[in-house]
Each structure stands twice: as C-alpha cells, then as structure tokens.
Amino acid sequence: MKLPEPRGEISDAVVDALRHEPGAPLPATFSGAADPCTDEDLQLTLMLAYEPHYRGFDGVDENWEWDLGLLRLRTSAERHLEEALRAATGPPAPVEPGEVARRLAELAAADDGPALGQHLQTGADLTQFREFVVHRSIYHLKEADPHSFALPRLSGRPKAALVEIQADEYGGGRTERMHAELFGQTMTALNLDPAYGAYLDFVPGVTLLAANLMSMFGLRRRLRGALCGQLAAFEMTSSLPNTHYGNGLRRLGGDADATRFYDVHVEADAVHEQIAAVDLCGSLATQEPGLCGDIMFGAAAGLYADRLAATHLMRCWTDGRTSLRRELDS
Amino acid sequence: MSATVTPYEDGPLLLRGDFEIVTPDGDRIEQEGATVALCRCGKSRRKPFCDGTHKLVGFTAPADREKPLS
C-alpha cells in the first residue's frame, strides 16, 4: 500500500523517515495524546509501525520492520494505548479458569453499543453502507492475520482451537473462500477499491484503533491472553450483526456475490464463537491461569473499540455528515 | 477422521470430521466450513445451522448428557 498522509507531528516524522534508509532519526517517544484510543496522530503512528510486519508500504525499505528507532517509538505509543484501554475497561474482576468461557459470554451479552446492525439492515442508505464497508476494510482485508501471530505462542488444545478457526478464516486453503477475498468481492460489488490499504487516508483514528489493538496484542507475546480474549469477544458478537449487514445490503440491491461475506459469517462465526470461548480461551486459562485477567481485558478492550467505532458512525450519520475523513467518489 | 458431535454449553452442536448433511431425500445440504454448528435451540433462521439466535432467547443446555429429573 501507499504511505499515508501524516496526521500530526509524530506521524509526519515517521512518514518522512520511512522514505529514507532504516536508522533515519525518529522521535524517541510519543506524548501529548489526550485520548490515545482516538488520537489521529497516535493511531496513524501505530499503523505505520505495524504495517512493516504485514505487507509493508510501497517503496519503503523492508528492514524498517526491525528498526530499533521505530520499535522504540512504537513501544512508547503502545504504552499510552494499553494504559488507556485498561483505564477505559477497568480492572477485570477475578475469574477462575473454569469460568472464563461463561464470563466471556456474559461480557459479550452485556455489550450495549449503538444499534449499528439494525440501522444498516433497515435505515442506512447506500452512501452509509459504502462508508461502513470502507471503515471495515482496514481490518477485513487482513482478516485473521493479527491472530496468526499467536499460533507459535500457544501449545496443545488452545493452539489446535486457534488453528481450527484460522483454517476456516483462510478458506481451508482455497483462495476464493478466504474471508479477506470475500470482503474484496463485497467492495467490488459496491464500486469500491478492494486493494489492500486503499482507504487508509479515508478512515479516522477510531477505525484504526480496532486493527491496531489486534496488532498490539498479536505482536506482543505478553498480551497473548488479551489477543485470544479479543478474538472470542469479536466472534461472540459477530453472527447476529452479520445477519443484519447481509439483509441491509440485500435491501440496497446487493446480489449474492455482494452479500456472500456477511452470509458466510453468520454460520462461520456461530462455529468460531464456541471454539474461541471454550476451546481457545477456556483451555488457555486452564493451561496458564495467570492469563485469566488478560483474556477478560482483551475481550473488554475489543468490545470497547467496536463500541467507539459504532458510536462514531451513528453520530456522524445522525448529524447528516460523512463518517470518513473525506467523501467517497460515488 | 470419523465424525464427532460436541454439545457446547447453552449453545449449538459442533460437528467435526468426515460427515455429510443431507435432506431426507438424500440431497446434500451445502456447508461453509469444515466444522459446522447445528442449531439446538430451535430458533435459528438458518436451520439446520446455528445463527447465534440462542443468545437472544435465553437457551440453556449442558455440554454433557442432561441429567434425568429426580
């Protein structure tokens, strides 16, 4: 993907450095974000620091992935973000390993975000639906990739559970069934560019948060419990909304190719949520009881990020304005 | 691998391994992934598959054989 436009002093310095050889000077720390979860400069800085671990930026030296200056700056920004997420979600109540799956189900059931799915099913116009797809493209075009980082960090039953989920996410090894590919089909049907990262400049920091949170949890072994908890919460709040999304897109004229991504996720995530909560998180908690708190933190943080993003979309649309940083071509 | 059916607490039955889901006439019912979740709350709108509706209707069931009434 192309290097994005900077959104502040720090991301400006990072974009500039990435155009040079690794080792180019960078700020040592990130400071000054009032709310790290939604701060444009901080979220874009994290995206710039994570993407070299995925598919990289066009024309950027691949050795930036392990550049000590970029890692140092990333660590500083991550510290702010993790503190903010822990403060926003509060200390997880003590939970016994045998109770983790049930507690995750309770947490997901208690999630009371705005009725984004309902709105997309019955009220949204095509412009709003296309905006929704653009927001989600930041993650869905690399769907499942952050969680693959956890595989070598797990063993035994939790590892088998994650492999079972990931194999399905990647289409059982068939390209045309990979969920990221299906999402590209939906984008194409909506006359949107399905190229990886094409809309990075369009989405606000609150949208980058959802993807950055997964990258932070995925790239730091210490946070493997949080990554698994986030995955469980994501799957546990997915099958019902995907029914709404698919119905909404059908209402707006989407054909079977356009809605396939959502239709597949209704049934797939009904499977994944059981595996993620019971076989992945439940057995990880039994194997490593010290991770119980982080499993619950990751779930709460993921739900919090989704709630912030949904609130942003609904607020913008209620006010009659775009939820993106710039309007889409029709 | 032979087929296994696993009841998940308050949720669906997960079906893994080598299996086919067919109508009474023997026609194949296509499935999405290698593992499927079969509805057991009776409220799914994707039957025979689970669509998560059990969470809205307060469905409860154990992950093991239900104990007979004493």
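Residues numbered from 1 in each chain as written. Chains lettered and ligands numbered in written order. Predicted model: local features only at pLDDT ≥ 70, side-chain atom pairs only at ≥ 80, totals over all residues. Heavy atoms only, no water.

1. Quick word on the packing of aromatic side chains
Residues and elements named next belong to chain A.
So, point 1. Taken as a whole and assessed by the stated rule, the structure comprises 10 aromatic pairs over all chains.
So, point 2. Plain terms: the ring middles of Tyr 139 and Phe 234 are 5.8 Å apart, the flat faces sit at 75 degrees to each other, and that makes the pair edge-to-face. Taken together, the residues span a long stretch of sequence, with Tyr 139 in helix α6 (residues 126-140) and Phe 234 in helix α11 (residues 224-236) at a distance of 95 residues.
So, point 3. Accessibility expressed as a relative area gives 21% for Phe 234, which makes it partly exposed.
So, point 4. An angle of 75 degrees between the planes, with centres 4.9 Å apart, marks the rings of Phe 183 and Phe 261 as edge-to-face. Highlighted residues: Phe 183 in helix α9 (residues 179-189) and Phe 261 in helix α13 (residues 256-287), separated in sequence by 78 residues. Note on accessibility: Phe 183 and Phe 261 belong to one class, buried.
So, point 5. Here a set of aromatic residues connected by ring pairs shows up, and it is made of Phe 129, Phe 132, Phe 183, Tyr 245, Phe 261 and Tyr 262. (Phe/Tyr/Trp six-rings, centres within 6.5 Å; stacked < 30°, edge-to-face > 60°. Helix = DSSP H or I, 4+ residues; strand = E, 2+ residues; numbered from the N terminus. Buried < 20%, exposed > 50% of the residue type's maximum accessible area, 1.4 Å probe, protein only.)

2. Side note on α9(A)
So, point 1. Burial in α9(A) covers these residues: His179(A), Ala180(A), Leu182(A), Phe183(A), Gly184(A), Thr186(A) and Met187(A).
So, point 2. Backbone geometry just downstream of α9(A) places Asn191(A) in the positive-phi region, at approximately 60 degrees.

3. Notes on the sheet that holds strand β2 (residues 13-16) of chain B
All names here are of chain B.
So, point 1. What the 3 strands build is an open sheet, ordered β1-β2-β3; its pairing is antiparallel. Edge positions in the sheet fall to β1 (4-7) and β3 (36-38), since each has one partner strand and no second. Averaged over all pairs of adjacent strands, the angle between strand axes in this sheet comes to 30 degrees, irrespective of strand direction.
So, point 2. The sheet contact formed by β1 and β2 spans 4 bridges and is antiparallel. Considered in β2, the bridge of Val 5 is made with Leu 15. (Pairing = 2+ DSSP bridges. Axes fitted to C-alpha atoms, helices over the stretch in contact; angles between N-to-C directions.)

4. Structural notes on the nonpolar core
So, point 1. Core analysis: the biggest nonpolar cluster contains 110 residues, and Leu104(A) and Phe132(A) have the highest contact counts within it.
So, point 2. Per-domain counts for this core show at least three residues from each of domain 1 (9-88) and domain 2 (94-318) of chain A.
So, point 3. When sequence neighbours within four positions are dropped, the list of residues in contact with Phe132(A) reads Leu116(A), Leu120(A), Tyr245(A), Tyr262(A), Leu313(A) and Trp317(A).
So, point 4. Counting residues in hydrophobic clusters, the runner-up holds 6 residues, among them Ile21(B), Val36(B), Leu38(B) and Phe49(B). (Core = buried A, V, L, I, M, F, W, Y, C linked by side-chain atoms within 4.5 Å. Domains from an automatic or database assignment. Contact = heavy atoms within 4.5 Å.)

5. Examining the environment of His147(A)
All names here are of chain A.
So, point 1. Looking at where His 147 falls in the secondary structure, it is placed in helix α7 (residues 145-148).
So, point 2. Classification of His 147 as buried rests on a relative accessible area of 2%.
So, point 3. Along the chain, His 147 and Gly 218 lie 71 residues apart, while their C-alpha atoms are 5.9 Å from each other.
So, point 4. Excluding its chain neighbours within four sequence positions, the residues that come into contact with His 147 are Tyr 139, Leu 162, Gln 166, Met 214, Leu 227, Gln 230 and Leu 231.

6. So, the domain arrangement of chain A
Residue and element names in this part refer to chain A.
So, point 1. Taken as a whole, chain A is organised into domain 1 (9-88) and domain 2 (94-318).
So, point 2. Taken together, the contact pairs 21 residues of domain 1 with 27 residues of domain 2.
So, point 3. Each partner contributes to the roughly 2300 Å² buried at the junction of domain 1 and domain 2, and carbon and sulfur atoms together form 62% of this total.
So, point 4. Of all residues in domain 1, Met 47, Tyr 54 and Leu 85 bury the most surface against domain 2, accounting for 28% of the area lost on that side.
So, point 5. Scanning the region where domain 1 abuts domain 2 turns up 5 salt bridges.
So, point 6. Across the pair Arg 220 and Glu 78 runs a salt bridge, and its minimum N-O distance is 2.6 Å.
So, point 7. Our count for the contact surface shared by domain 1 and domain 2 stands at 11 residue pairs in polar contact (both at pLDDT 80 or more).
So, point 8. Elements with a contribution of two residues or more to the side of domain 1 that touches domain 2: α2 (40-50) and α3 (68-89). (Buried area = accessible area lost by both parts, 1.4 Å probe. Salt bridge = Lys/Arg side-chain N within 4 Å of Asp/Glu carboxyl O. Polar contact = N/O pair within 3.5 Å; in protein donor to acceptor, adjacent residues only side chain to side chain.)

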